[in-house]
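# Structural description and commentary
Read off the chains here:
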Amino acid sequence: MSLQKRIVLYILLIAFAIILFFPFAMMILGSLQKVERATSDPLFWIPTDPTLYNFDRILGRSEFLSWIKNSLVLTIIPVISQIFLCGVLGYIFGKKKFAGQEIIFWTMMAVVMVPSQLLIIPKYIMFSKMGWINTYAAIIVPELWTIMGVFLVRQFMMSIPKEMEEAAYIDGANDFTIFFRIMLPLAKPAIATVGTFGFIACWNDLFTPLIFMTSESMYPITVGLASILTKEGNFGIEMAGSAISFIPTFLIFIFFQRYFTDGIAMSGIKS
């Protein structure tokens, strides 16, 4: 690539990064602005008198810790389950052969094409009959595994040389030993990618809890913050809560960034 093309590419990338950074900067600056200013003029600004008052207000709310606890429960349990089940299913579809394997797998992939919003009414009717409305089960159970997670792990497993599995069989290892001692450690990048995707999706989910959670004490942080803006119209407190809510996903992504990048890159090696 010539120097001129590289300069143009860098300029475009920097401009794109600035555009993406703008909402984040608005959130941070808005959280440090006085309540009166943030309420009356919720636009992008530089605070003339930065204050942590909004953070004190949001952390002082009795329900805020309950929202955090709900978000942790609704996130950690599905992520752990997704890591395990997607690992097992990815290994089965990537390394094993059985009748109807391709039909089952691509039928599962076809389900991804159906928008989740179309299924929300049938889910609500079914969960209502099961008594799951306003309970953790309505959110956790459908998220115990993810089709895209199975796809990522399957693609990664298919890139692992078959000779490693055959050598383990020769040494007397069974399928469980091969999976837990060989395949799972090798698939760490794909597993970390599934966990990262799952954590971010579950933690930031607003639509599903908004439908199934009917009492404020059961709200996760996303729905709780939306309710604050609806009831009080206080932009500053909303931005302070959003900044606090952003911290877990940011730390997860930073911690698993290397595995995340490797998992995305290597999952497409072999189709």
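Residues numbered from 1 in each chain as written. Predicted model: local features only at pLDDT ≥ 70, side-chain atom pairs only at ≥ 80, totals over all residues. Heavy atoms only, no water.

From N to C terminus, the protein includes 15 helices and zero strands. Taken along its principal axes, the extent of the C-alpha atoms in the protein is 70 × 65 × 30 Å. Look at the contacts in the protein between residues 6 or more apart in sequence, and 73% of them connect residues 24 or more apart. Surface summary for the protein: the accessible area is close to 15500 Å², and the carbon and sulfur share equals 72%. With 19 positive and 17 negative side-chain charges, the protein shows a separation of 6 Å between the mean positions of the two kinds. (Helix = DSSP H or I, 4+ residues; strand = E, 2+ residues; numbered from the N terminus. Contact = heavy atoms within 4.5 Å. Areas by Shrake-Rupley, 256 points an atom, 1.4 Å probe, with all protein chains shown as cover. Lys, Arg positive; Asp, Glu negative; His and termini not counted. Charge placed at Lys NZ, Arg CZ, Asp CG, Glu CD.)

Here we come to the pattern of salt bridges. Side-chain pairs of opposite charge can arise whenever the charged atoms involved come near each other. All told, the structure shown has four salt bridges when counted by the stated rule. Among the salt bridges present, the one from R61 reaches E63, with a minimum N-O distance of 2.9 Å. Exposure class is identical for R61 and E63. Each is buried. Two residues, K96 and E165, come together in a salt bridge whose shortest N-O distance is 3.3 Å. Of the two residues, K96 is situated in the loop between α4 (62-95) and α5 (101-111) and E165 in helix α9 (residues 162-170); the sequence distance between them amounts to 69 residues. Linked through salt bridges whose partners overlap, the residues forming this network are K96, E165 and D175. (Salt bridge = Lys/Arg side-chain N within 4 Å of Asp/Glu carboxyl O. Buried < 20%, exposed > 50% of the residue type's maximum accessible area, 1.4 Å probe, protein only.)

Quick look at the packing of α4 against helix α13 (residues 221-232) now. With their axes 8 Å apart at the nearest point, α4 and α13 run at an angle of 145 degrees to one another. In this structure, α4 contributes F64, W67, I68 and S71 to the contact, and α13 contributes I221, G224, L225, S227 and I228. A per-class count over the contact of α4 with α13 returns six nonpolar, three polar and no charged. (Axes fitted to C-alpha atoms, helices over the stretch in contact; angles between N-to-C directions. Nonpolar A, V, L, I, M, F, W, Y, C, P; charged D, E, K, R; others polar.)

Without other data, these values stay purely geometric and don't point to any function.
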